[in-house]
Each structure stands twice: as structure tokens, then as C-alpha cells.
Amino acid sequence: MDLAIDLLNPLESSEKRSHKLKRLVQSPNSFFMDVKCSGCFNITTVFSHAQTVVICGGCATVLSQPTGGKARLTEGCSFRRKQN
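The structure presented is a predicted model; accordingly, all values stated were derived computationally and were not measured.

To continue, consider the overall build of the chain. Summing up its helical and strand segments, the chain has one helix and six strands in all. From first element to last, N terminus to C terminus, the chain shows the α and β order α-β-β-β-β-β-β. Taking 12 Å as the expected radius of gyration for a compact globule of 84 residues, we find that the chain reaches 18 Å, considerably beyond that expectation. Within the chain, the fraction of its 84 residues that count as buried is 19%. Of the contacts made within the chain by residues no fewer than 6 positions apart, 26% connect residues no fewer than 24 positions apart. Carbon and sulfur atoms make up 54% of the accessible area of the chain, which totals about 6,700 Å².

Set out below in C-alpha cells:
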């Protein structure tokens, strides 16, 4: 009896699509990120699922706005995912 998929070594693409609790190793969908302001080039740490408006400390520009899930970054802002 052969299985159609390998249960011990799932594909990375199928792991990302599955629910965070039904993955082989449970991991959250959220992360922290460094956001660079397009005006003053200040770097601010923002949560990916922030529920409040995040404002730049240097020039008071809005960096991200909350949506129902992930926060939406304003145009011109660049970000990188923080590692641990």
C-alpha cells in the first residue's frame, strides 16, 4: 500500500498553506519586521499583525495601518523580517 504523499517530509509549499496548528511543526504566521520610513529613513520595529496605526518617531509619518489581519504598510516604506 503506497501513500500518495509523504507525511514525514511534506512539501514546503503545502506547509505554508496549511493552518498554523495543523503543520508538522506548529509555527505562528506573525512576525516582527524592521520598517524603514521613506521620509527620514528611520527604522522602526513593527508587528506584522499590528492592530493600531504605527507612526514614525522621527517625522510623524504613518508607517502602517491595521486591516482585519496583517497590517498594511504605506507606499514607499520598505521592510525586512527580523530574525529571532
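Structure's up, so let's keep going.
Of the pairings in the sheet, the one linking strand 3 (residues 54-55) to strand 4 (residues 62-65) comprises two bridges and is antiparallel in character. From the neighbouring strand, Val54 faces strand 4, where its bridge partner is Ser64. Where strand 3 folds back onto strand 4 in an antiparallel hairpin, the turn is made up of six residues, including Ala60, whose phi is positive at roughly 60 degrees. Connecting the antiparallel pair strand 4 and strand 5 (residues 72-73) is a turn made up of six residues.

This paragraph deals with the sheet that holds strand 1 (residues 32-36). Across the sheet, which stays open at both edges, the three strands sit in the order 2-1-6 with antiparallel pairing between neighbours. The sheet is open, and its two borders are formed by strand 2 (43-47) and strand 6 (78-81), each paired with just one other strand. Across this sheet, the average inter-strand angle for adjacent strands is 30 degrees, counted without regard to direction. Sheet analysis places strand 1 next to strand 2, joined by five bridges and oriented antiparallel. Across the sheet, residue Met33 finds its bridge partner in strand 2, namely Val46.

In the structure shown here, the tally under the stated rule is one aromatic pair. Look at Phe32 and Phe47: their rings are 5.1 Å apart centre to centre, the planes differ by 55 degrees, and that puts the pair in the tilted class. Pair noted here: Phe32 is in strand 1 and Phe47 is in strand 2, with a separation of 15 residues, a long-range link. Across the ring face of Phe31, the terminal group of Arg81 is positioned such that the distance to the ring centre comes to 4.2 Å.

Looking now at the confidence of the model for the chain. Across the chain, the average pLDDT comes to 90, with 98% of residues at or above 70. The weakest mean pLDDT in the chain belongs to helix 1 (residues 12-17) at 88; the strongest belongs to strand 1 at 95.

Definitions and cut-offs
Residues numbered from 1 in each chain as written. Predicted model: local features only at pLDDT ≥ 70, side-chain atom pairs only at ≥ 80, totals over all residues. Heavy atoms only, no water. Helix = DSSP H or I, 4+ residues; strand = E, 2+ residues; numbered from the N terminus. Rg over C-alpha atoms; globule rule 2.2 N^0.38 Å. Buried < 20%, exposed > 50% of the residue type's maximum accessible area, 1.4 Å probe, protein only. Contact = heavy atoms within 4.5 Å. Areas by Shrake-Rupley, 256 points an atom, 1.4 Å probe, with all protein chains shown as cover. Pairing = 2+ DSSP bridges. Axes fitted to C-alpha atoms, helices over the stretch in contact; angles between N-to-C directions. Phe/Tyr/Trp six-rings, centres within 6.5 Å; stacked < 30°, edge-to-face > 60°. Lys NZ or Arg CZ within 6 Å of the ring centre and 35° of its normal. pLDDT = per-residue confidence, 0-100.

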